[in-house]
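# Chain and residue survey
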Amino acid sequence: MYGQPHRFKHALPAARWPSVEEAGAALWFSPLRLGRSCTARARTWVPAMVPWRASDDGLVTPEVLDWYERFAEGKPGVLVVEATGIRDVPSGPLLRIGHDRFVPGLRALVERVRRASGGETRLFIQVIDFLAIKRRPAKDKFFERFLALRDEHRRALAARARAAGETDRQAERWLAAPDADVRAALAALDDDALAGVLDARELESYRMGYRERVTDVHLPHVRALPEVLPGLFAAAAARAEVAGFDGVELHYAHAYTMASFLSALNTRADGYGGTREGRVRLPLEVYRAARAAVGADFVVGVRYLGDDVIDGGNHLDDAVWLGVAMARAGVDYLSVSKGGKFEDAKQPKVGEAAYPYTGPSGHECMPTIYIDARGPFGRNVPLAAAIRAAVRAAGLETPVVASGGIMDFDQAEGILRRGEADAVAAARQTLADPDWFEKVRLGRGAEVRRCKFTNYCEGLDQKHKQVTCQQWDRVFDAGEQPAEAPAATRAEEPAEASVVGAAPRTAAEQPPQRRVPMSNDGKRRLIAPRWNP
Ligand SMILES: Cc1cc2nc3c(=O)[nH]c(=O)nc-3n(C[C@H](O)[C@H](O)[C@H](O)COP(=O)(O)O)c2cc1C
Ligand code: SF4
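Before going further, it helps to spend a moment on the overall build of the chain. Across its full length, the chain holds 20 helices and 13 strands. Across the 533 residues of the chain, 56% fall into the buried class. When the accessible surface of the chain is totalled, it reaches about 22300 Å², and 52% of it is carbon and sulfur.

Given below as structure tokens:
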């Protein structure tokens, strides 16, 4: 059973930065072959991060171009563009690739990245499918409109009436009562009583908002996923190639459709669930369809979970088996993430949708300094290491990418030297300072703006607001307090938190607040300030 372990407040470890010579000899800055002929000039990697900058129609905007240009200026070996929807359906300001009309914008994105990185960054795009999730309804609306009445609801009301002292005859009026009366009676029950009247799915829809699962095979479109998804992913991969990307990353991680197929929670009985062989069947079919839709040199990689971190979900032994199966099928790399599931998400407010990074599995996906004794730094590396060891033991050379709390050179280089991964990814550290790879490579690591690992950025993501970093998104006048993270989403400091690794700073020891120039129109700064090497 996963829960909230005792949490500590961890200090950011002191970092040692290499000289230019040491960096020049480092594995992290050595080339990595991906697929048949794609070579990344370094094993530095920026994993997908949704910045919520697409248009409401899923198109590339000038803000999207600026965002990726800024990352490309830091010349990572690989830059993975955010989760991009494979269907041609409205999905808010999430990038989409489900129709040819999205290609020109994506081509412009590729061109910007090529120019900004001097052609040195390999550019992949993550492609995603997700099932429906609805906002948490208000109680009256749920009972008036959303709940599908069943005889069990009527019988439960009759039983409650009997228990309250009514005669059988009086109580049985509920069995034939008008729907409106039944709905009103249910709406009048408190949450404890409702837990005894609604079934588990109804209760979930009431408390969290309705959410589809891959096991909802009574829904024709869910039953048909194995017929539909290979074609959709393949078409997306083909468009990515036409747009000029170096590769596509199949999103098999976190809370989305393909991860749900892989998960041990997938009990589908149609050959696409149950056993590991059944669960990996559709992901392999999707991979093969994508592979067949693109040229042999185009990279087709996978991001998936080393551990679902939810009760009944996959654990490392599943992930190892699945990783070997996907490597055998020929995927060009395995990028390992962890958790990020709906199953343990916090209850959203009425009118908001559940967010899969708010529960224990979410805390493992984007760990903060407020976590258990192991701390957030490099926390998920053992998953990648075990998967890589099994892939190598199976005689396969598939590169494995590690991520999660990676924040300095020694850590990244150590991971590579110990053979725990073939590339080392950093999302939030690169958001805090998109130039950090170049600073380290040029022996100027002391200038790195280090991530604080408190998830202000993730709080913005949760609210589908344009993602920025608390360290550069606004002006701090002398004496002014730094802007607060969005209250509902800031990593909360637990009352019992203790500091690990360093004594807490006194006010006098706080670093001076830096002045960050604001954009001309006085709005939030949307990309990191530029560095003059
Ligand atoms: C704002 C934000 C958006 C993210 N969006 C995605 C995404 O689109 N796809 C994905 O696989 N992971 C996504 N992630 C997870 C990161 O890729 C990464 O796995 C996670 O942040 C842990 O790595 P880090 O400790 O280096 O930040 C996102 C993370 C953040 C902070
Ligand atoms: S907002 Fe905080 S956690 Fe996110 S990148 Fe910036 S410093 Fe790191």
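Once the structure has been displayed, the description carries forward.
Strands in a sheet are paired, the pairing made by backbone hydrogen bonds, and the direction either parallel or antiparallel. The 8 strands are arranged β4-β5-β6-β7-β8-β9-β11-β12 in a closed barrel whose pairing can be described as parallel. Taken over all neighbouring pairs, the strand axes of this sheet differ in orientation by 30° on average, direction set aside. As judged from the 4 bridges shared by strand β8 (residues 299-305) and strand β9 (residues 334-337), these two strands associate in the parallel manner. Bridge assignment links Y304 to a residue of β9, and that residue is V336.

Another aspect to go through is the packing of aromatic side chains. Per the stated rule, a full pass over the model turns up 13 aromatic pairs. Each ring, one from W45 and one from Y333, has its centre 4.9 Å from the other, and the planes form 75°; the classification is edge-to-face. Taken as a pair, W45 in strand β4 (residues 44-46) and Y333 in the loop between α14 (316-329) and β9 lie far apart in primary sequence, 288 residues in all. By relative accessible area, which is 0% here, Y333 ends up buried. By the ring-pair criterion, three or more aromatic residues cluster together here, those being W28, F29, W436 and F437. The cationic tip of R281 hangs over the ring face of Y272; the distance from NZ or CZ to the ring centre is 4.0 Å.

Turning our eyes to something else, we now look at helix α9 (residues 200-208). Taken as a whole, α9 has its buried residues at E202, L203, E204, S205, Y206 and M208. Looking at the buried residues of α9, the elements they touch are α4 (139-146), α5 (151-163) and α8 (191-197). Where α9 begins, the side chain of D199 points an oxygen toward the backbone nitrogen of R201, at a separation of 3.2 Å. Of the residues flanking the end of α9, it is G209, one or two places downstream, whose phi is positive at about 100°.

Phi at K75 takes a positive value of approximately 50°, unusual for a residue other than glycine. Within the element layout of this structure, K75 appears in the loop between α2 (62-73) and β5 (78-85).

Right, let's talk about the packing of helix α3 (residues 103-116) against helix α11 (residues 225-243) for a bit. Following both chains from N to C, one finds α3 and α11 inclined at 50°, their axes separated by 8 Å at the closest point. Classified by the angle their axes make, α3 and α11 are oblique. Between α3 and α11 lies a crossing of right-handed hand. Contacts between α3 and α11 pair V103, L106, R107 and V110 from the former with R239, V242 and A243 from the latter.

Contacts to ligand 2 come from 13 residues, most closely from R428, C451, K452, C457 and C469. The element that contributes the greatest number of residues to the shell around ligand 2 is helix α18 (residues 428-432), accounting for 3 residues. Partitioning the shell around ligand 2 into residue classes produces 7 nonpolar, 4 polar and 2 charged.

This paragraph deals with the nonpolar core. Residues L109, L250 and Y304 are the most contacted members of the largest nonpolar core, which totals 117 residues. Tallying contributions element by element places α11 first for this core, with 7 residues. Discounting residues that sit within four places of it in the chain, L250 has contacts with V127, F233, V286, Y287, A290, V300, G301, V302 and R303. F142, A158, A177 and L189 belong to the second-largest nonpolar core, a separate cluster that totals 20 residues.

Residues in close proximity to ligand 1 total 18 residues, the closest being Q126, R303, G405, A427 and R428. Between ligand 1 and the protein, one listed contact pairs an oxygen atom with a backbone N or O atom of G405 at 2.6 Å. Note that an oxygen atom of ligand 1 is positioned 2.7 Å from one of the side-chain N or O atoms of R428. Its residues assigned to classes, the shell around ligand 1 comprises 10 nonpolar, 5 polar and 3 charged.

With that settled, the discussion passes to the pairing of β8. The buried count for β8 comes to 7 of 7 residues, which makes it a mostly enclosed element. Taking every second residue as pointing to the same face, both faces of β8 are buried, with V299, G301, R303 and L305 on one and V300, V302 and Y304 on the other. Sheet topology note: the strand β7 (residues 247-252)/β8 ladder contains 6 bridges and is parallel. Paired with V248 across the two strands is V300, which belongs to β8. A crossover links β8 with its parallel partner β9, the connecting element being α14, and its sense is right-handed.

A separate point is the environment of V294. With respect to the secondary-structure elements, V294 resides in the loop between α13 (276-293) and β8. Relative accessible area serves as the criterion here: at 10%, V294 is assigned to the buried category. Sequence spacing of V294 and G247 is 47 residues, and the spatial spacing of their C-alpha atoms is 9.3 Å. Each residue touching V294, except ones within four places of it in the same chain, is listed here: A237, A238, E241 and V300.

With respect to the helices and strands, the residue T84 is situated in strand β5. Of note is the side chain of T84, whose polar atom sits 2.7 Å from the backbone oxygen of E82.

Here the focus is the pairing of β5. Here β5 lies mainly inside the structure; 8 of its 8 residues are buried. Sheet analysis places β4 next to β5, joined by 2 bridges and oriented parallel. If you follow W45 over to β5, its bridge partner there is V78. Where β5 and strand β6 (residues 122-128) come together, 6 bridges link them in parallel fashion. Bridging from a neighbouring strand, V78 pairs with R122 of β6.

This next bit is on the packing of α14 against helix α16 (residues 381-393). Look at α14 against α16: their axes get within 9 Å of each other, and the N-to-C directions meet at 45°. Considered as vectors, α14 and α16 are oriented oblique to each other. The hand of the α14/α16 crossing is right-handed. Only L383, A386, I387, A390 and V391 of α16 make contact with α14, whose side of the interface consists of L316, A319, V320, G323, V324 and A327.

The rules behind these values
Residues numbered from 1 in each chain as written. Chains lettered and ligands numbered in written order. Predicted model: local features only at pLDDT ≥ 70, side-chain atom pairs only at ≥ 80, totals over all residues. Heavy atoms only, no water. Helix = DSSP H or I, 4+ residues; strand = E, 2+ residues; numbered from the N terminus. Buried < 20%, exposed > 50% of the residue type's maximum accessible area, 1.4 Å probe, protein only. Areas by Shrake-Rupley, 256 points an atom, 1.4 Å probe, with all protein chains shown as cover. Pairing = 2+ DSSP bridges. Axes fitted to C-alpha atoms, helices over the stretch in contact; angles between N-to-C directions. Phe/Tyr/Trp six-rings, centres within 6.5 Å; stacked < 30°, edge-to-face > 60°. Lys NZ or Arg CZ within 6 Å of the ring centre and 35° of its normal. Contact = heavy atoms within 4.5 Å. Polar contact = N/O pair within 3.5 Å; in protein donor to acceptor, adjacent residues only side chain to side chain. Parallel < 35°, antiparallel > 145°, perpendicular 65-115°, else oblique. Left-handed = near helix turned anticlockwise from the far one by under 90°. Near = heavy atom within 4 Å. Nonpolar A, V, L, I, M, F, W, Y, C, P; charged D, E, K, R; others polar. Core = buried A, V, L, I, M, F, W, Y, C linked by side-chain atoms within 4.5 Å. Right-handed = clockwise from strand over helix to strand, strands pointing away.

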